[in-house]
Amino acid sequence: MSLSTESRIPILYEDNHILVVEKPVNILSQADSTQDEDMLSLLKTDLKLRYHKPGNVYLGLVHRLDRPVGGAMVFAKTSKAASRLSDTVRKHELGKEYAAVVHGTLSQKNGTLVHSLLKNERTNTVKAVPNGTAGSKLAKLDYETIGTHEQLSLVRIHLHTGRPHQIRVQMNEIGCPLYGDQKYGAQVNRAGQQIALWSIKLSFPHPTTKEWMTFYSAPPEAYPWNQWTTSNWLQS
């Protein structure tokens, strides 16, 4: 793993077509009305400086991570790669796995969660609603409990859909809100705690060679992650 020269964002892999990085926590994926720093702008600036490129630099946003979430992210360095990776996303061929630390113990160690989620654009919040609710979208994930420690559980999650705030809402819906989640777990979390949700694995066919590629990103060695040994489960 290397660090980009300008932004100091860890680079997991780079070639002429794609850029795979480790997103730090609390950075936007894409610019919004806050004008806070974002991954897309930081990486464009970095590419421009590292490769001495005149004018604008192309970099395509393929998928997003919530602002407080860190971990593996892939960007497209050409419009052709962006189009093909976007098609991969549409076909649900972009494999995304996450690790999360949640409050409590899940009633079943392994399982599948399916909900209908409805987003409120005004408040930027999402809630589970009855099936068939106007504007709602199906959300599905598989989870596996890796271990428990005191009143916390470490779970590994495979997403079948990529809905906004999906993991956070679905886990809260079954009574296991994420550690540190102020938006969907304020009843059990303290202000200032960092949400324990990390993009640990991305897998997809390379946009030009079609070679299947897999990238891993380990959560930080800090509480609550350090209650478990990452090497025991990360690349299983």
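Residues numbered from 1 in each chain as written. Predicted model: local features only at pLDDT ≥ 70, side-chain atom pairs only at ≥ 80, totals over all residues. Heavy atoms only, no water.

*Asks:* So, the packing of aromatic side chains: which residues are in play, and what are the values?
*Replies:* The final tally for this structure, using the stated rule, is three aromatic pairs. Relative to Phe215, the ring of Tyr13 lies with its centre 5.4 Å away and its plane at 40°, an arrangement referred to as tilted. Taken as a pair, Tyr13 in strand β2 (residues 10–14) and Phe215 in strand β12 (residues 212–216) lie far apart in primary sequence, 202 residues in all. Tyr13 gets classed as partly exposed once you look at its relative accessible area, which sits at 27%. Seen from their ring centres, Phe204 and Phe215 are 5.9 Å apart, and the 35° between their planes marks the pair as tilted. With Phe204 in strand β11 (residues 197–205) and Phe215 in strand β12, the pair connects residues that are 11 residues apart, well separated along the chain. Residue class for Phe204 comes out buried when judged on its relative accessible area of 0%. On the basis of relative accessible area, Phe215 is assigned to the buried category, the value being 9%. (Phe/Tyr/Trp six-rings, centres within 6.5 Å; stacked < 30°, edge-to-face > 60°. Helix = DSSP H or I, 4+ residues; strand = E, 2+ residues; numbered from the N terminus. Buried < 20%, exposed > 50% of the residue type's maximum accessible area, 1.4 Å probe, protein only.)

*Asks:* Would you mind going over the pattern of salt bridges in detail, with residue names and values included?
*Replies:* Once the charged atoms of two side chains with opposite charge are near each other, the side chains can pair. This structure, assessed with the given rule, holds 11 salt bridges. Residue Arg50 is joined to Asp46 by a salt bridge in which the shortest nitrogen-to-oxygen separation is 2.7 Å. Of this pair, Arg50 and Asp46 are both found in helix α1 (residues 39–50), four residues apart, which corresponds to roughly one turn of the helix. Residue Asp46 is classed as buried on the basis of its relative accessible area of 1%. For Arg168, the salt bridge identified is with Asp66, shortest N-O distance 3.1 Å. (Salt bridge = Lys/Arg side-chain N within 4 Å of Asp/Glu carboxyl O.)

*Asks:* Kindly report on unusual backbone geometry, identifying the contributing residues and their values.
*Replies:* Residue Pro224 is bonded to the preceding Tyr223 through a cis peptide linkage, with omega at 5°. Tracing the backbone shows Pro224 in the segment after β12. Positioned with a positive phi, His92 is a non-glycine residue whose angle comes to about 60°. Relative to the helices and strands, His92 resides in the loop between α2 (79–90) and β6 (95–103). Phi at His165 is positive, roughly 60°, even though this residue is not glycine. Its location among the elements puts His165 in the loop between β10 (152–159) and α3 (166–173).

*Asks:* Go over α3, please, and point to the residues and values.
*Replies:* Counting buried positions over the eight residues of α3 gives six, a clear majority of the element. Of the positions making up α3, those classed as buried are Gln166, Ile167, Arg168, Val169, Gln170 and Met171. Each element contacted by the buried residues of α3 is listed here: β6, β7 (110–120), β8 (125–129), β9 (137–149), β10 and β11. Just downstream of α3 lies Gly175, where phi reads positive at about 85°. (Contact = heavy atoms within 4.5 Å.)

*Asks:* Describe the side chain of Ser136, and please don't skip the residues or the numbers.
*Replies:* If you trace the backbone, Ser136 turns up in the loop between β8 and β9. At 2.7 Å, the side chain of Ser136 forms a polar contact with the backbone oxygen of Thr133. Sequence-distant contacts of Ser136, defined by excluding residues within four places in its chain, comprise Ser116, Leu117, Leu118 and Val129. (Polar contact = N/O pair within 3.5 Å; in protein donor to acceptor, adjacent residues only side chain to side chain.)

*Asks:* Break down the pairing of β11 for me, with residues and values.
*Replies:* Burial runs high along β11: nine of the nine residues are buried. In the sheet, strand β5 (residues 70–76) pairs with β11 via two bridges, with the strands oriented parallel. Opposite Gly71, over in β11, you have Ser199 as the bridge partner. Of the strand pairs in this sheet, β11 and β12 are connected by five bridges, and their pairing is antiparallel. What sits directly across from Phe204, in β12, is Met213. Where β11 folds back onto β12 in an antiparallel hairpin, the turn is made up of six residues, including Lys210, whose phi is positive at roughly 70°. (Pairing = 2+ DSSP bridges.)

*Asks:* Now, about the environment of Glu144: what can you tell me, with residues and values included?
*Replies:* Checked against the element boundaries, Glu144 lands in strand β9. In this structure the C-alpha to C-alpha distance between Glu144 and Gly111, which are 33 residues apart in sequence, comes to 6.8 Å. With sequence-adjacent residues up to four places away left out, Glu144 is seen in contact with Lys109, Asn110, Leu154, Val155 and Arg156.

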